[in-house]
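Geometric and topological summary
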Amino acid sequence: MENLRKVVYGSGLRVVGMALSIVTGFLLMPFLVHHLGDRTYGYWALVGAILGYFGILDFGIVTAVEWHVAKAIGEEDATAANRAVSSAFYVFAALGGVILLVTIVLAG
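Read on for an overview of the structure. (Residues numbered from 1 in each chain as written. Predicted model: local features only at pLDDT ≥ 70, side-chain atom pairs only at ≥ 80, totals over all residues. Heavy atoms only, no water.)

1. A look at helix α4 (residues 78-107)
In plain terms, the rule: Note on conventions: DSSP H or I runs of at least 4 residues are helices, E runs of at least 2 residues are strands, and numbering of each starts at the N terminus. One less than the residue count of a helix, multiplied by 1.5 Å, gives the span that helix is expected to have. For each residue, the accessible area found with a 1.4 Å probe, counting protein chains only, is set against the maximum for its type, and the residue is called buried under 20%, exposed over 50%, and partly exposed in between. Contacts: residue pairs with any heavy atoms within 4.5 Å of one another.
Taking 1.5 Å of rise per residue, the 30 residues of α4 would be expected to cover 44 Å, and the 42 Å separating its terminal C-alpha atoms lies within 8% of that figure. Among the residues making up α4, those that are buried are Ala 80, Ala 81, Ala 84, Ala 88 and Ile 99. The inward-facing, buried residues of α4 contact α3 (61-74).

Rendered as structure tokens:
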């Protein structure tokens, strides 16, 4: 029963976080349009959409790291948790470097 309570609590917090993100976006949009102007806000939205597609390059790494870190913390193995986080950091740093190079080439 304790696990069910944790799952419901975690799911509820995730829904609240998503709702807050949506509300923040709706409240922030008029402010941005007013201060940036229509054309510049369009560029802002375009760049945001393009950067959002870079999130596809996650390849599920974040979920895997969350799982391994949670398992390591549950087993009280700090070394395994550090190893999982460090590995993900280096993989994301390498992916970021590749993305940066591809973006520079495409921009040229």
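And the narrative resumes.
2. Describing a nonpolar patch on the surface
The following threshold applies: Excluding any residue in a salt bridge, patches collect residues exceeding 30% relative accessible area, merging like charges within 9 Å and nonpolar Val, Leu, Ile, Met, Phe, Trp and Tyr side chains within 5 Å. Surface exposure here means Shrake-Rupley accessible area, sampled with a 1.4 Å probe, where a residue is shielded only by the protein chains that are shown. Salt bridges, as used here, are contacts in which a Lys or Arg side-chain nitrogen is within 4 Å of a carboxyl oxygen on Asp or Glu.
Taken together, the side chains of Leu 46, Val 47, Ile 50, Leu 51 and Phe 54 make up a nonpolar region of the molecular surface, amounting to roughly 450 Å² of accessible area. Relative to the assigned elements, Val 47 resides in helix α2 (residues 38-53). Relative accessible area serves as the criterion here: at 46%, Val 47 is assigned to the partly exposed category.

3. Concerning unusual backbone geometry
The phi dihedral of Glu 76 is positive, around 55°, even though this residue is not glycine. Mapping Glu 76 onto the fold places it in the loop between α3 and α4. The exposed category is assigned to Glu 76, whose relative accessible area is 73%.

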